[in-house]
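Report on the structure
The chain contents come next:
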Amino acid sequence: MISSIRGRVIVLALLAQFFATSCAVGVAIWYVRRAIWASVDSELQARAVSLLALVGQDDNNPYALDFDAAQMNVPLEDLYYIADPRGPVLRGSSKWVPDAKNAAANRQSTWNFDYGGIAYRAKALINAPILDQEDMKVPQLRVNLFYAMPVAETESRVKQAARDAVLIGLMALAVSAVLTWWAVGKGMAPLMELAGRADKIEATRAEFELPPGTLRSAELMPLGRALQSLAARVRAAFDRERQFLSDAAHELKTTVAIQKSTLQLLEQGKASEEEYREGIARALEDTARTEKLVADMLLLSAIEHAQQASDGSMRSCSLAESLELAIDRLQPLAKMKSVQVLLTRRGAPRVIGRESELSLLWTNLLENSIQHSPIDSNVIVEMADVDNANCSVRITDSGNGIPAEDLPHVFERFYRSDSSRSRTTGGFGLGLSIAKAVVDGLGGTIRIDSTLQKGTIVEVMLRKAS
Amino acid sequence: MHVLVVEDEERLAQNLAKAIQKNAGFVVDIALNGVDGFHLASEGVFDAIILDLMLPGMSGTEVLANLRKNGDKTPVLVLTAKEDKSSVIALLDSGADDYLPKPFDLGELLARLKALIRRGKGQASPQLVVGDLVLDFNSRSAKRGGQTVELSPMEYRTLEYLMMRKGTVVSKEELLEHLYDYNWEKFSNVIEVYISTLRRKIDADKSERLIHTLRGRGYVLRTGEPQ
């Protein structure tokens, strides 16, 4: 099958044209044939009648027919046969005897036949009244007159006309094929123009402008608009990446600066073995921090990308299980601070998601809560069905709380409130960003409320697996 | 010399302080946020300030702007992660004297810091000369009449400061400000001890006296007065 749309359109157009041309040529040929034969017939009629005119009443016997041979003007190649219907033959050319009965029975007064290797067309005037009967006292005299003309020339003329018609038809077809080719090509031009423009879409370029050909084409506009929105999405994704990197740049540069300075310090001058040991230990701590930063950043990026990929790893997970798992994982940290994590369950909702992400979400949130909780306090985790479609998880701690001016920003990447600036114990400000990314990917919502000196409440609403 | 480091990354601040102390023999104070940094800078007297931009409390840019608004002319070297030209221009325009992008080379930072201080004191070359007393910043050594003079770190610091302010009368208080960090108990007697030790090492047996005491006012290092 032809794979090119242009090719297919052209072939279809040519087939239609071929059909039309064939019909036209057919009609033309038929019409020409009829016309030619009609003119032959009228000539035949004329000659027959002029011969009939020579048949008259016998001067001696008014009941008999007479033929005026002296005025006969019949072309040599024609055949004729004149007979009295009562029997006797008046005159005939050569030895032709037409089949009168057949002709009468046929009801067609003209027919074609072959005689002596030549094709003729004959006309029969059966019981034709003679023209100009002088003596009207006797009843009308009648005669059977047969006249035949050779029609080989006519036939060849018809064939010639047919050939001419077919030839002209073919030429017209050829010309129109070329025109069709050109026209279809021109018609496809806007499509090629759009394709060319789309090829140049780059993440960094601004708006994707639709080319003029597309603007004028009703069929291409939907495609053009789709390309525009695609370009916009590509640009948005690119901008998001760039923003992410720029946010991360400062953090990364700082961590590297710390490592570098620690090591360069060691490099300078002489130090005791103790100092070297200490210095190396510090450098390793720095490295661990960088490691964590890089890991967190990659994690955040992976979560955001996984959401766009939507592969088949989403499945129905038990909310309670994922919470219990996270709580279990954080037991060592909780124990260190003598913090009790209490879980209350209402219902047994399930959500569609990836287990790894759910685990990450709860771990991040719980870790935050435990870190900020004072020693020997409680962190309360409440899981419940909210209605038929949603479920919620609420984590409450009694820590120092988050200042009001920081609350709108807590989910921003690398954001740390000034009061929790201890980079040595705290993270890089990615924990909540990661949590939010996971919640967004699950189609849920997350919010934080906090009162200074009292505590913080994190509430996550998720869609239940239906 | 007395240097203030304002940097919220504690580890980095400590590294900087250690490096400066070890390499240049300067005395270093650390502030971990913008508010403290501004406070210390305004209250205290420093020969140079190393200022990070991303600070909690008050941003580095604000600290700088406020210091300059108050007429503080202390040389400031800014540490920043932003390298784009427009930020750099803005920084320098708003009163920073130099900047270094992070991560930086410790050696480069020290060199720039020292240059900054020298410039701040109107001293272009790494060598200070008063009469036949030559002080070399880089090697932290002193020579009088071509002969090396052995000095303890503290003695060197004192001499360095006096030479930087050569010809000017320097009060004991000023010396205390510039030679001791925030935490040191400031007893002015200490200064007298160092001055007398310096005198012994530098002026004794020399035809020309360089270190002079002006009663009630302070000390001055200058030539032109024979013993």
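The paragraphs below set out a description of the structure included in this document. (Residues numbered from 1 in each chain as written. Chains lettered and ligands numbered in written order. Predicted model: local features only at pLDDT ≥ 70, side-chain atom pairs only at ≥ 80, totals over all residues. Heavy atoms only, no water.)

A look at a nonpolar patch on the surface
Residues and elements named next belong to chain A. A cluster of nonpolar side chains, namely V11, L12 and L15, defines an oily patch on the protein surface of about 290 Å² accessible area. Tracing the backbone through its elements, the reader meets V11 in helix α1 (residues 5–52). A relative accessible area of 37% means that V11 is categorised as partly exposed. (Patch = residues over 30% accessible without salt bridge, like charges linked within 9 Å, V, L, I, M, F, W, Y side chains within 5 Å. Areas by Shrake-Rupley, 256 points an atom, 1.4 Å probe, with all protein chains shown as cover. Salt bridge = Lys/Arg side-chain N within 4 Å of Asp/Glu carboxyl O. Helix = DSSP H or I, 4+ residues; strand = E, 2+ residues; numbered from the N terminus. Buried < 20%, exposed > 50% of the residue type's maximum accessible area, 1.4 Å probe, protein only.)

Considering the packing of α1(A) against helix α3 (residues 152–199) of chain A
Residues and elements named next belong to chain A. Contact geometry of α1 with α3 gives a least axis separation of 8 Å together with a crossing angle of 160°. It follows from the interaxial angle that α1 and α3 lie roughly antiparallel. Seen from above, α1 lies across α3 with right-handed handedness. Grouping the constituent residues of the contact of α1 with α3 by class yields 22 nonpolar, eight polar and four charged. (Axes fitted to C-alpha atoms, helices over the stretch in contact; angles between N-to-C directions. Parallel < 35°, antiparallel > 145°, perpendicular 65-115°, else oblique. Left-handed = near helix turned anticlockwise from the far one by under 90°. Nonpolar A, V, L, I, M, F, W, Y, C, P; charged D, E, K, R; others polar.)

Brief notes about unusual backbone geometry
Here the residue pair B:K102 and B:P103 is connected by a cis peptide bond, since its omega of -5° sits within 30 degrees of zero. Inspection of the secondary structure puts B:P103 in the loop between β5 (98–101) and α5 (106–120). Here A:Q453, not a glycine, exhibits a phi torsion of approximately 70°, which is positive. Within the secondary structure layout, A:Q453 lies in the loop between β13 (445–451) and β14 (455–463). Positive phi, normally seen in glycine, also occurs at B:R140, with a value near 55°. Its location among the elements puts B:R140 in the loop between β7 (133–136) and β8 (141–144).

Quick notes on the pairing of strand β1 (residues 2–6) of chain B
Residue and element names in this part refer to chain B. Of all the five residues making up β1, five are buried; the element is thus mostly covered by neighbouring parts of the structure. Residues H2, L4 and V6 point to one face of β1 and V3 and V5 to the other, with burial holding for every one of them. With helix α1 (residues 10–24) bridging β1 and its parallel neighbour strand β2 (residues 27–31), the resulting β-α-β unit is right-handed. Taken together, the four bridges between β1 and strand β3 (residues 48–52) define a ladder with parallel strand orientation. Along β3, the bridge assignment pairs V3 with A48. (Right-handed = clockwise from strand over helix to strand, strands pointing away. Pairing = 2+ DSSP bridges.)

Looking at the packing of aromatic side chains
All names here are of chain A. The full count for this structure, using the stated rule, is five aromatic pairs over all chains. Judged by centre distance (6.4 Å) and plane angle (75°), the rings of W111 and F146 are edge-to-face. A residue pair is termed long-range when its members are at least 10 positions apart, and W111 in strand β5 (residues 110–115) and F146 in strand β7 (residues 142–150) qualify at 35 residues. Comparing W111 with F146, the two get one shared label, buried. With a centroid separation of 5.6 Å and 20° between ring planes, the pair formed by F113 and Y120 is classed as stacked. Like F113, the residue Y120 is buried in the burial classification. In textbook terms, an aromatic cluster arises when at least three aromatic residues are bridged by ring pairs, as seen for Y81, W111, F113, Y120 and F146. The ring of W181 carries R6 above its face, with NZ or CZ at 4.9 Å from the centroid. (Phe/Tyr/Trp six-rings, centres within 6.5 Å; stacked < 30°, edge-to-face > 60°. Lys NZ or Arg CZ within 6 Å of the ring centre and 35° of its normal.)

Regarding the side chain of B:H212
Tracing the sequence through the fold places B:H212 in strand β10 (residues 208–214). Taking relative accessible area as the criterion, B:H212 reaches 4% and is therefore assigned buried.

Some remarks on helix α3 (residues 60–69) of chain B
Residues and elements named next belong to chain B. All of the buried residues along α3 are G60, V63, L64, N66 and L67. Seen along its axis, α3 keeps its buried residues to an arc of 170°; they face one direction. Along its buried surface, α3 packs onto α2 (34–43), β3, β4 (76–80) and α4 (85–93). One or two steps after α3, the chain reaches G71, where phi turns positive at roughly 85°. (Arc of directions from axis to C-beta. Contact = heavy atoms within 4.5 Å.)

Some thoughts on the interface of chain A and chain B
Listed per partner, the contact involves 20 residues of chain A and 21 residues of chain B. Three residues stand out in chain A for area buried against chain B, namely A:K253, A:L265 and A:Q268, and they jointly supply 29% of the buried area on that side. Run the count over chain A and chain B and you get three salt bridges. Residues A:D286 and B:R11 are paired through a salt bridge, measuring 2.9 Å at the closest nitrogen-oxygen approach. Our count for the chain A to chain B interface comes out at nine residue pairs in polar contact (both at pLDDT 80 or more). Residue assignment for the side of chain A that touches chain B shows that the elements contributing at least two residues are α5 (220–267) and α6 (273–309) of chain A. Residues that form the side of chain A that touches chain B fall into these classes: four nonpolar, six polar and 10 charged. (Buried area = accessible area lost by both parts, 1.4 Å probe. Polar contact = N/O pair within 3.5 Å; in protein donor to acceptor, adjacent residues only side chain to side chain.)

Details of the nonpolar core
Counting 55 residues, the largest nonpolar core has B:V3, B:I20, B:I50, B:L159 and B:L221 as its most contacted members. Setting aside chain neighbours within four positions, we find B:L221 in contact with B:V130, B:L133, B:L159, B:L162, B:M163, B:K166, B:G167, B:L210 and B:I211. (Core = buried A, V, L, I, M, F, W, Y, C linked by side-chain atoms within 4.5 Å.)

Considerations on empty space enclosed by the protein
Residue and element names in this part refer to chain B. This structure, assessed with the given rule, holds one cavity of 30 Å³ or more. Computed from the structure, the largest cavity encloses a volume of approximately 70 Å³. Of all the secondary-structure elements, those providing two or more residues to the lining of the largest cavity are α1, α5 and α6 (153–164). Looking at the lining of the largest cavity, the element that brings in the most residues is α5, giving three residues. The residue inventory of the lining of the largest cavity, partitioned by class, reads five nonpolar, one polar and four charged. (1 Å grid on protein atoms, 1.4 Å probe; cavity = no way out; pocket = protein on both sides within 12 Å on 5 of 7 lines; lining within 4 Å. Points joined across faces, edges and corners; volume = space filled by probe spheres on them.)

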